[in-house]
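As a plain string of letters, each chain reads:
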Amino acid sequence: MSNIEDIVDSLENKISKVLHRLELLKQANLKLNEELEVSKRNIQSQKLHIASWEEKYEALKIANSMLGSDDNKRETKLKINALIRDIDHCIGQLSD
């Protein structure tokens, strides 16, 4: 009988260790999920910040070309034409 009791005790110890390890892994997983969420929010914030700077850069390029820079004249003309088309479209919708 002592042999069976030893086996049962050994199994209980192993199960206890496994359950403890499982709890540690759950805590680590929770921490990693929180860090992931923080990282996702940071990435989203950085994407918005980059988009804002890209818009400012585009506006600066257009303003630069309007001041006489030849580098972006074609892009500026295309942008102005697109704006005129948008305005014509809006006027057309208002007149209907």
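Please refer to the structure placed before this passage.
Residues numbered from 1 in each chain as written. Predicted model: local features only at pLDDT ≥ 70, side-chain atom pairs only at ≥ 80, totals over all residues. Heavy atoms only, no water.

Asks: Could you clarify how one ought to interpret the overall build of the protein chain in this entry?
Replies: A count of helices and strands for the protein chain gives two helices and zero strands. The C-alpha atoms of the protein chain give 33 Å as radius of gyration, which overshoots the globular expectation for 96 residues (12 Å, by more than 25%). Its C-alpha atoms give the protein chain principal-axis dimensions of about 95 × 40 × 15 Å. Going through the 96 residues of the protein chain one by one, you find that 6% of them count as buried. Carbon and sulfur atoms provide 59% of the accessible area of the protein chain, an area that totals close to 8900 Å². (Helix = DSSP H or I, 4+ residues; strand = E, 2+ residues; numbered from the N terminus. Rg over C-alpha atoms; globule rule 2.2 N^0.38 Å. Buried < 20%, exposed > 50% of the residue type's maximum accessible area, 1.4 Å probe, protein only. Areas by Shrake-Rupley, 256 points an atom, 1.4 Å probe, with all protein chains shown as cover.)

Asks: Before we go on, may I ask you to explain the pattern of salt bridges in this structure?
Replies: Pairing is possible between side chains that carry opposite charge, provided their charged atoms lie close to one another. Summed over the entire model, instances satisfying the criterion amount to one salt bridge. Here Lys 61 ties to Glu 58 by a salt bridge, and the two come within 3.3 Å at their closest N and O atoms. A residue pair is termed a helical-turn pair when its members lie 3 or 4 positions apart in one helix, as Lys 61 and Glu 58 do in helix α1 (residues 2–66) at three residues. By relative accessible area, Lys 61 is classed as buried at 14%. Among the residues examined, Glu 58 registers a relative accessible area of 37% and is labelled partly exposed. (Salt bridge = Lys/Arg side-chain N within 4 Å of Asp/Glu carboxyl O.)

Asks: For this particular structure, what's the right way to read the packing of α1 against helix α2 (residues 73–95)?
Replies: A packed helix pair is summarised by two numbers, namely the angle formed by the two axes and the spacing between the axes. Here α1 crosses α2 at 105°, and the two axes come no closer than 9 Å. By the angle between their directions, the pair α1 and α2 is classed as roughly perpendicular. Between α1 and α2, the residues in contact are Glu 58, Lys 61, Ile 62, Ser 65 and Met 66 and Lys 73, Glu 75, Thr 76, Lys 79 and Ile 80, respectively. (Axes fitted to C-alpha atoms, helices over the stretch in contact; angles between N-to-C directions. Parallel < 35°, antiparallel > 145°, perpendicular 65-115°, else oblique. Contact = heavy atoms within 4.5 Å.)

Asks: Before we go on, may I ask you to explain the packing of aromatic side chains in this structure?
Replies: To describe a pair of aromatic rings, you give the distance between the ring centres and the angle between the ring planes. A complete count under the given rule lists zero aromatic pairs for this structure. Lying over the aromatic face of Trp 53, Lys 56 brings its terminal NZ or CZ to 4.5 Å of the ring centre. (Phe/Tyr/Trp six-rings, centres within 6.5 Å; stacked < 30°, edge-to-face > 60°. Lys NZ or Arg CZ within 6 Å of the ring centre and 35° of its normal.)

Asks: Help me understand a nonpolar patch on the surface in this model?
Replies: Together, Ile 7, Leu 11, Ile 15, Leu 19 and Leu 22 line one region of the surface with nonpolar side chains, adding up to about 470 Å² of accessible area. Looking at the secondary structure, you find Leu 22 in helix α1. (Patch = residues over 30% accessible without salt bridge, like charges linked within 9 Å, V, L, I, M, F, W, Y side chains within 5 Å.)

All quantities given are derived from atomic positions and should not be read as evidence of function.
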